[in-house]
Amino acid sequence: MTRAQAHGFPLVLFFSCITSSPLWGQLISCPAASGDAYKIFVDDVRSVSSTPASTSQAKRMGGLRDFIVENLRTMSKGRASVVPCVGRFPSDASVFTDDEFDSLDRLRVLLEVWGAVEDPVREQGALGFVLVPARQVSPPAVFVFRRTGGSFLSQAGQGAKLQVFTPVVLGLIDFQNLKYEDAIPNLCEGQHKLTDIINSTNPGPDPQSLPDQKKLLAELRRITSDAITKARSDPGSRYQLLKPDPDHTFSCPVAGGLQ
Amino acid sequence: MDTNTPIQVTGTLQVQDSSLEERLKKVEEKLSSDKPSGARALVLDLVKALLPGIVLAVIGYALNDTVSHALQERQLQLDAIKEMKSLTADLQQQNLTRDQAQAKAAELAAFGEYAVPFFINVEEIGNEYGIAGAEAGLRMVAHSKPQPVCEAVAAVIRNRTGLYKWQTHYAALDVIGAVPCSDSLTDVGFYQANFDRLSGLSNWVRGDKPEPRELARLKDKSKETLELLNRHMSQ
């Protein structure tokens, strides 16, 4: 078996599961979503393999989901309500159409996360992230991190990815709501963490989503510079001390600007 | 001797106008000639006697028809509500997919104008796909009965007492443009013209006030709706 075939096999298995498994249906509405606060949806972590998950594997999937909920609660710092959407599970990233983004946006959903276990035995799977406020600036704003090397259900292994997108969406929503001073720390934190993910070597970046990640990073840099420029229009802004780069844009402060 | 001897004349003077008598005679003759004779007189008398009754009967019939029609209409509405009951619950249920919501909305839309208030309510309180289904339902009803849909959605954007959420205002503007509801041109124009008064608009809506980005979205939608209506009117 060639290396390409070895990489392609889980993908074929993944898509054959999408079409064959009854679990991979349409998205259902999130039962617990109500109220006017900003929200983060945490969908199911499910097996999409034709091989049924054992009891212990199912337990670990539930554990990963709980970990995601708790992690995002910490990351959102009370700015958004983390809502476990029991039974909600996207068949694939393509279900997040313009209509779907529009519905999520009207419900004030900032981020949606799900986990698909493609091979429960070898612990291969993918975490999916839908960044609702990023749709306008960096479409499609859906990122799927596939973990082919195993240990997908290892909670510690997923921590870094979970921490990237919460500051990104919080920063973007503040920027879009013209709260430039508030947006900058989150935008910068998101930028740094996304850079770390792109440059990580263990495990290496997911080649499929890497171009989208780089595109988002470029947009974040542009928006951060814009946010700093606009924040500086206030004479009392703490960003008055920042000096522009040679190309007249602003970069994230190295120290003092991050919270 | 006085030559002027008075003469005493006794008797009565009767002045008779012969023309007056003749005229009276002619009138009497005329009257006697105009008087219907026999059966004709009988019919006329009968009509005179029956006319008030006939008029009353016609008015009564017309009133009865109107009242009966109103009662039938009300009964139909109640029957429709009973039949819609299970469908309305389906559109609000949890674990609803987008396609299921669209299918339920299509079934409800078959009830026409009776489903309109319900769709507006789901826009307010429904879940993600219920809301999308309700908007699709309003569009479906508008295909055959645009008037009740237009009246209902225009009432949403005219409301200034915070009865509806900003999202319902958004959906109403969307439907007004899509139908299109030409009668709402003035309402949409007013909506668009008053948009820059953020504090004013924030008081028009229920729940949390729209954030600047949501306000911008609503503003874009009202602009788009106004353009659609103007384009339609100019055709």
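Residues numbered from 1 in each chain as written. Chains lettered and ligands numbered in written order. Predicted model: local features only at pLDDT ≥ 70, side-chain atom pairs only at ≥ 80, totals over all residues.

**A look at the overall build of chain A**
- Helices and strands together make up the secondary structure of chain A, namely 6 helices and 5 strands.
- Its helices and strands in sequence order give chain A the pattern α-β-α-β-α-β-β-β-α-α-α, from N to C terminus.
- Looking at chain A as a whole, 42% of its 259 residues are labelled buried.
- Expressed as a percentage of contacts within chain A between residues at least 6 apart in sequence, the contacts between residues at least 24 apart total 70%. (Helix = DSSP H or I, 4+ residues; strand = E, 2+ residues; numbered from the N terminus. Buried ≥ 20, exposed ≤ 12 C-beta atoms within 10 Å, placed from the backbone. Contact = placed C-beta atoms within 7 Å.)

**A few points about the overall build of chain B**
- In terms of regular secondary structure, chain B is built from 10 helices and 2 strands.
- Reading chain B from its N end, one meets helices and strands in the order α-α-α-α-α-α-β-α-α-α-β-α.
- Against the 2.2 N^0.38 benchmark of 18 Å for 235 residues, chain B shows a C-alpha radius of gyration of 39 Å, more extended than a compact globule.
- Here chain B holds 235 residues, and the buried ones make up 29% of them.
- Contacts in chain B between residues at least 24 apart in sequence constitute 73% of all its contacts with a sequence separation of at least 6. (Rg over C-alpha atoms; globule rule 2.2 N^0.38 Å.)

**Things to note about the pairing of strand β4 (residues 124–131) of chain A**
All names here are of chain A.
- Where burial is concerned, most of β4 is hidden: 8 out of the 8 residues are buried.
- Side chains Gln124, Ala126, Gly128 and Val130 of β4 all project onto a buried face; the interleaved residues Gly125, Leu127, Phe129 and Leu131 project onto the opposite face, where all are buried too.
- Adjacent in sequence and paired antiparallel, strand β3 (residues 109–119) and β4 are bridged by 4 residues, among which glutamate 123 carries a positive phi angle near 55°.
- Here 6 bridges tie β4 to strand β5 (residues 142–147), and the two strands are oriented antiparallel to one another. (Pairing = 2+ DSSP bridges.)

**So, the sheet that holds strand β1 (residues 39–47) of chain A**
Residue and element names in this part refer to chain A.
- Here 5 strands make up an open sheet; going across it, the order is β2-β1-β3-β4-β5 and the pairing mixed. Each edge of the open sheet is held by one strand with a lone partner, namely β2 (81–84) and β5. Taken pair by pair, the neighbouring strands of this sheet meet at an average axis angle of 15°, ignoring direction.
- Note: β1 against β3, 7 bridges, orientation parallel. (Axes fitted to C-alpha atoms, helices over the stretch in contact; angles between N-to-C directions.)

**Points about the nonpolar core**
- In this structure, A:Leu111, A:Leu131 and A:Val169 are the most contacted members of the largest nonpolar core, which totals 65 residues.
- At 9 residues, helix α4 (residues 155–176) of chain A tops the list of elements feeding residues into this core.
- Those residues in contact with A:Leu111, other than ones at most four positions away along the chain, are A:Ile40, A:Phe129, A:Val130, A:Leu131, A:Val132, A:Phe165, A:Thr166 and A:Val169.
- Counting 48 residues, the second largest nonpolar core, distinct from the first, contains B:Ala115, B:Ala142, B:Cys150 and B:Leu226. (Core = buried A, V, L, I, M, F, W, Y, C linked by C-beta atoms within 7 Å.)

**Some points on the packing of helix α7 (residues 166–178) of chain B against helix α10 (residues 212–234) of chain B**
Residue and element names in this part refer to chain B.
- Taken N-terminus to C-terminus, the directions of α7 and α10 make an angle of 20°; their axes are 8 Å apart at the nearest point. It follows that α7 is roughly parallel to α10 by the angle criterion. Two packed elements cross with a definite hand, and for α7 against α10 that hand is left-handed. In contact with Trp166, His169, Tyr170, Leu173, Asp174, Ile176 and Gly177 of α7, α10 contributes Glu214, Leu218, Lys221, Ser222, Glu224, Thr225, Leu228 and Leu229.
- Of the residues in the contact of α7 with α10, the class split is 7 nonpolar, 4 polar and 4 charged. (Parallel < 35°, antiparallel > 145°, perpendicular 65-115°, else oblique. Left-handed = near helix turned anticlockwise from the far one by under 90°. Nonpolar A, V, L, I, M, F, W, Y, C, P; charged D, E, K, R; others polar.)

**Quick look at the interface of chain A and chain B**
- The interface is formed by 15 residues belonging to chain A together with 17 residues belonging to chain B.
- Within the side of chain A that touches chain B, the residues separate by chemical class into 7 nonpolar, 6 polar and 2 charged.

**Digging into the environment of B:Glu135**
- Note that B:Glu135 resides in helix α5 (residues 128–144).
- Contact partners of B:Glu135, with chain neighbours within four places excluded, come to B:Glu123, B:Ala171, B:Asp174 and B:Val175.

**Description of the domain arrangement of chain B**
All names here are of chain B.
- As assigned here, chain B comprises domain 1 (61–144) and domain 2 (146–235).
- Taking only C-alpha atoms, the centre of domain 1 and the centre of domain 2 are 22 Å apart.
- Secondary structure elements with two or more residues in the side of domain 1 that touches domain 2: α4 (116–125) and α5.
- Tallied by class, the residues present in the side of domain 1 that touches domain 2 amount to 6 nonpolar, no polar and 5 charged. (Domains from an automatic or database assignment.)

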